[in-house]
Amino acid sequence: MGTVVSKKKMGLAVAQMGAVNLADSRAVVVARLVEMLKEAASRQAELVVFPELALTTFFPRYWMSEEEAIERFFEKTMPNKDVEPLFEAARKHQIGFYLGYAEITEDGRRFNTSILVNKSGKIIGKYRKVHLPGHSDHKIEAPFQHLEKKYFEVGDQGFGVWDLDGVRTGMCLCNDRRWPETYRVMSLQSAELVVLGYNTPSENIHWNEPVHLRTTTHEIVLQASAYQNGIWVAAAGKCGYEDGYHMIGSSMIVAPSGEIVARATGEDDEVIFTNIDLTLGQGFREHVFNFEKHRRPEHYKLIVERKGAGEPLDIGVND
Ligand code: ING
């Protein structure tokens, strides 16, 4: 797939969502997504990125049985009657989209999933979240739960890259964006663009972390990863107060230089747009981050061989 960039420019939109509350029906939520897709199309976007778990509230914050979660929050098929209006609007306006949702398979496996849909409304890629944060036990004292390890299985397909209407596009979800391996595996597949959705609570239930750090670390990981892999990164948040529980906004589009070129300013439904120049990444990938020329995998073995940190390697003292 190492072919040189085929397209030069691409209209890219990120559709940040404000809160989805427990009482909000999928029909109401999908209508909001359709409105933002139309706005993205009116600004000549060819692709619009929606958030993680875009169809429902961030339900991993609540303790419930798996059966109840499945009944209320999982999609048994994709597309389905609830999301069909979004697929129809995409076909009508000739615009592709990324959508995050909770997937349950026919054999009952549950994943935090995203799809890539092309301009003809065809699903061309599916991704299942690999890095599941949080816990699976009921933390009675915590102000809210973060039960992704209870409700979802670890993704079984790894990280992929797809040709989305001429652009080599990878995708991931939320916590994945904090792990450098995520982007490196996709840029080693010649990705030019990585798109992702997130739902990031402002408050940390594990230790008393200053709240501004949620946004700071969000910026750092997106900017560093775009630069270190010579790729464009687009991140769509679902944010604001969902039934009183706050999540950060700062949806953004980051250039291969690491510069933030577009950023949401509020915490409601908001479309941001950039006409991205895909040749910008080429310079970084051909020079400072020319993997073929500069990487030394023979010295990176620990990254794959070890899961947790272990003893230092005894590399001795070079005399
Ligand atoms: N949410 C958060 C995220 O990674 C989190 C969880 C926040 C983990 C901050 C660590 C630090 O953005 C999801 N849904 O992954």
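Residues numbered from 1 in each chain as written. Predicted model: local features only at pLDDT ≥ 70, side-chain atom pairs only at ≥ 80, totals over all residues. Heavy atoms only, no water.

What about the sheet that holds strand β1 (residues 9–16)?
Okay, step 1: Read from one edge to the other, the open sheet built from six strands follows the order β5-β4-β3-β2-β1-β14, with strand pairing classed as mixed. Across the chains shown, the open sheet's two edge strands, defined by having one partner strand only, are β5 (123–128) and β14 (270–277). Strand-to-strand twist in this sheet, taken as the mean axis angle between neighbours without regard to direction, amounts to 25°.
Okay, step 2: Two strands pair when backbone bridges link them, and β1 and β14 are joined in this way by eight bridges, in the antiparallel orientation. Paired with M10 across the two strands is I276, which belongs to β14.
Okay, step 3: The sheet contacts of helix α3 (residues 84–93) involve β3 (96–104), β4 (110–117) and β5, and relative to β3 the element is tilted by about 165°. (Pairing = 2+ DSSP bridges. Helix = DSSP H or I, 4+ residues; strand = E, 2+ residues; numbered from the N terminus. Axes fitted to C-alpha atoms, helices over the stretch in contact; angles between N-to-C directions. Contact = heavy atoms within 4.5 Å.)

Some words on the environment of I104
Okay, step 1: Position of I104 relative to the elements: it lies in strand β3.
Okay, step 2: Judged by relative accessible area, which is 11%, I104 ranks as buried. (Buried < 20%, exposed > 50% of the residue type's maximum accessible area, 1.4 Å probe, protein only.)

Regarding the layout of surface pockets
Okay, step 1: Size it by volume and the largest pocket reaches roughly 670 Å³.
Okay, step 2: If you trace the largest pocket, you find 21 residues lining it, with H131, W179, P180, E181 and I303 closest to the centre.
Okay, step 3: At the level of elements, α5 (180–187), α6 (212–229) and α9 (301–305) are the ones that each hand at least two residues to the lining of the largest pocket.
Okay, step 4: With five residues, α5 is the largest single contributor of residues to the lining of the largest pocket.
Okay, step 5: Looking at the lining of the largest pocket, its residues break down into eleven nonpolar, four polar and six charged.
Okay, step 6: By volume, the second largest pocket is sized at about 450 Å³.
Okay, step 7: Considering each element in turn, the lining of the second largest pocket owes the most residues, four residues, to α6.
Okay, step 8: Considered class by class, the residues forming the lining of the second largest pocket number nine nonpolar, eight polar and six charged. (1 Å grid on protein atoms, 1.4 Å probe; cavity = no way out; pocket = protein on both sides within 12 Å on 5 of 7 lines; lining within 4 Å. Points joined across faces, edges and corners; volume = space filled by probe spheres on them. Nonpolar A, V, L, I, M, F, W, Y, C, P; charged D, E, K, R; others polar.)

As far as function goes, none of this settles anything; it's purely spatial.
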